[in-house]
Amino acid sequence: MSHPWFARPGPRVLAHRGLLPADAEGIAENSFAAVAAAHAAGAAYVESDCHLTADGEVVLFHDDDLSRVTGDPRPVADVPLAELERLMADIGGLITLRQALEAFPDLRFNLDVKAQAAAAPVGRIAAPHAERVLLASFSDARRRTALEAAERFGRGIRPATSAGTATIGRTLSALAVRSTPLVRRALAGVDALQVPERQGPVRVVTPRLIEAAHACGVEVHVWTVNDPLHMRRLLDLGVDGLVTDRADVALRVVAEQR
């Protein structure tokens, strides 16, 4: 794997929206405190999500609106940065993408672009840090918009990237008909497949998927894995990364497996 994001030895533990330790009562996911806790636990990778505020700042936030995290029903896109900072002040603190990249220079970030309006700004902000950023989105169009912006404002290296839903679908279809050329075509330009183990009744993560991805130089990361037995089973299967709410647990499991 040639991109610097993958330079550290695997398997990789991706702290899903940071880390909420058992004693961290009142701390919100994707907050400054959650990212700091993941870093303190020894995580090298943080998986997070990007939205755009009303005044155009990229913030780490998962949902389209604030209701689940703060009790405020408004969309993130309707709230200015200063007000969002006030709302998050007592639950771990808001963190912008710019702050995350600058405050944690030894962390690698896996950034899921959640809104089309955020795609180009995410790419622009990520560009100077491209060696430690992987850009992701369920939407391949959003992912490509962010990548294009990163390339436009970058310094000769683009961020790594993982497949969107359509690309994953094409990959699974190619595997179903056992077409190696179609698998290679589907995964062209992709560095990682980040997938659930199952999607409804369909098992996504199989030995054949892992083998085919590896043959194309693509890693397989599975989300969201919180049970240690489940972690060990997937690592034994050959997956390259675990996206987990319990990065502290996963780091211990990975250390045992090495």
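Our subject is the structure that appears above.
Rules and cut-offs
- Residues numbered from 1 in each chain as written.
- Predicted model: local features only at pLDDT ≥ 70, side-chain atom pairs only at ≥ 80, totals over all residues.
- Heavy atoms only, no water.
- Helix = DSSP H or I, 4+ residues; strand = E, 2+ residues; numbered from the N terminus.
- Polar contact = N/O pair within 3.5 Å; in protein donor to acceptor, adjacent residues only side chain to side chain.
- Axes fitted to C-alpha atoms, helices over the stretch in contact; angles between N-to-C directions.
- Parallel < 35°, antiparallel > 145°, perpendicular 65-115°, else oblique.
- Contact = heavy atoms within 4.5 Å.
- Nonpolar A, V, L, I, M, F, W, Y, C, P; charged D, E, K, R; others polar.
- Buried < 20%, exposed > 50% of the residue type's maximum accessible area, 1.4 Å probe, protein only.
- Pairing = 2+ DSSP bridges.

Brief notes about the side chain of S179
Among the structural elements, S179 can be located in the loop between helix 7 (165–176) and helix 8 (180–187). Side-chain polar atoms of S179 contact the backbone nitrogen of L182, separated by 3.2 Å.

Section: the packing of helix 7 against helix 8
As a packed pair, helix 7 and helix 8 sit with axes 8 Å apart at the nearest point and diverge in direction by 170°. When the axes of helix 7 and helix 8 are compared, the pair comes out roughly antiparallel. For the pair formed by helix 7 and helix 8, the contact residues are T167, R170, T171, A174 and L175 on the first element and L182, V183, A186 and L187 on the second. Broken down by class, the residue content of the contact of helix 7 with helix 8 amounts to six nonpolar, two polar and one charged.

A short note on the pairing of strand 11 (residues 241–244)
Along strand 11, one buried face is formed by G241 and V243 and the opposite face, lined by L242 and T244, is buried too. When strand 1 (residues 12–16) meets strand 11, the two strands line up parallel, connected through four bridges. Within strand 11, the position partnered with L14 by the bridge is V243.

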